[in-house]
Amino acid sequence: MKNKLSLAIACGLTTMCVATTGFANEKSFNIGGDVELDLTGTDRDDSSSFNHGGRIKINAVGMVKSDNGHFVKGVAQPLVLFNPGTTALPTQDEDLFVNNDAVAVDDAYLQIGKEGVWDIQMGRFEAMNLLPLGKDTLVANVDGIVAYSANDVRGRRDDTFHAALHVGSSDKFLFELGMQARKNGDDKIFEVRPAISYQLGSVKLHAGYEDLEGDASGFGIGAGFKLGGGDLNVGLAQATDYPSSVVGKIDVTTVAVNYTKGPWGVGYLHAEGEVVDVAGRPDPSLDTVYAAYTLPIYAIKDASVTFAASYSEGEYTMFDGTNFNDDDLTAVRARFNYTF
């Protein structure tokens, strides 16, 4: 945790130091944040649960820019967690629930480059999303079944050095080369993730590849469309020799379709795998549907409550091959949010 906070502070100090050197004609510093509280209930075949969680996030952004567009940017987003150390759903951000610390970090990075041309980003952040899920306030998949999203090397990992080179501009063409380095016991792991996005009229295309730990690899492709005043996203992700704690290594394919318009959104996700290391075992699969709707609170600016629901069902066998599971999971959530 001390390392996380040190990185956040370092980003802020670096930005302030550069801002005082006098080479830039334009400099800015903004601070804000939001409060988010989740009330979540789940129901499985053999159990049900209720959990509350959330966080307060501070968002501090400093930036200096020269006449020719060169810039240095620092971002720090410390979090204060509600009910730390517990989670009702396996799909929540695991980094925030690995221990009982009440303080964590969302983004904390330094970015250097030339606007709309190139930049290098280093620290804790999320790279390009290769399988967007739309209004994903609650997407709860049944336990034990892998829904690969081509986002394993996207970022926000602890004890990992993460850097990304960007070429181009996100509103037209963007090439991103992400790199992560970490240690797993005595093993040194280096993973790369090239990705591109391209705006073609009202359609935005994206594609990317991940070189994963061990022999695994994966890719994701997709497109976003403007349709009926809303946004339609379709995507596909696929991985080979992907590790699963339940069924061993699998080749897994995931497809996602979702639509968002104004305050509401709906989505569908399907994943199926082919077991590669044990013959004769039934292949795992899952289907998840979800929806969310956001309402303002008392017409107060930047205050809202989102009601969300998710239903998932899947089939798989345990690792020893003796127990076949036909499971389902229903989840509901009320998320209160105030942005300041």
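All of these numbers come straight from a predicted model, not from anything done at the bench.

Draft legend 1. Focus on the overall build of the protein chain. Looking only at helices and strands, the protein chain features one helix and 16 strands. Within the span of the protein chain, comprising 340 residues, buried residues form 44% of the whole. Put simply, of all contacts in the protein chain between residues at least 6 apart along the chain, 56% involve residues at least 24 apart. Summed over its atoms, the accessible surface of the protein chain is roughly 16800 Å², and 58% of this surface lies on carbon and sulfur atoms.

Draft legend 2. Up close: the environment of Ile-56. Considering the arrangement of structural elements, one finds Ile-56 in strand E2 (residues 48–65). For the pair Ile-56 and Val-80, spaced 24 residues apart in sequence, the C-alpha separation works out to 5.1 Å. Those residues in contact with Ile-56, other than ones at most four positions away along the chain, are Asp-34, Val-35, Pro-78, Leu-79, Val-80 and Phe-82.

Draft legend 3. Region of the structure containing a nonpolar patch on the surface. A cluster of nonpolar side chains, namely Ile-112, Val-117, Trp-118, Ile-120, Met-122, Phe-161, Leu-165 and Val-167, defines an oily patch on the protein surface of about 610 Å² accessible area. At the level of secondary structure, the elements contributing two or more residues to the nonpolar patch comprise strand E5 (118–124) and strand E6 (160–168).

Draft legend 4. Spatial organisation of a negative patch on the surface. Residues Asp-43, Asp-45, Asp-46, Glu-313, Glu-315 and Asp-326 make up a contiguous surface patch of negative charge. One can find Asp-326 in strand E16 (residues 324–339).

Draft legend 5. Layout of the pattern of salt bridges. Applying the stated criterion to the full structure yields 19 salt bridges. In this structure, the salt-bridge partner of Glu-126 is Arg-156, at a minimum N-O distance of 3.4 Å. In this pair, Glu-126 is assigned in the loop between E5 and E6 and Arg-156 in the loop between E5 and E6, connecting sequence segments 30 residues apart. Its relative accessible area of 36% is what places Glu-126 among the partly exposed residues. Given a relative accessible area of 16%, Arg-156 falls into the buried group. One salt bridge connects Arg-193 with Glu-210, and the closest N-O pair in it is separated by 3.1 Å.

The rules behind each value
- Residues numbered from 1 in each chain as written.
- Predicted model: local features only at pLDDT ≥ 70, side-chain atom pairs only at ≥ 80, totals over all residues.
- Heavy atoms only, no water.
- Helix = DSSP H or I, 4+ residues; strand = E, 2+ residues; numbered from the N terminus.
- Buried < 20%, exposed > 50% of the residue type's maximum accessible area, 1.4 Å probe, protein only.
- Contact = heavy atoms within 4.5 Å.
- Areas by Shrake-Rupley, 256 points an atom, 1.4 Å probe, with all protein chains shown as cover.
- Patch = residues over 30% accessible without salt bridge, like charges linked within 9 Å, V, L, I, M, F, W, Y side chains within 5 Å.
- Salt bridge = Lys/Arg side-chain N within 4 Å of Asp/Glu carboxyl O.
- Lys, Arg positive; Asp, Glu negative; His and termini not counted.
- Charge placed at Lys NZ, Arg CZ, Asp CG, Glu CD.

None of the figures reported here should be taken as evidence of function without further support.
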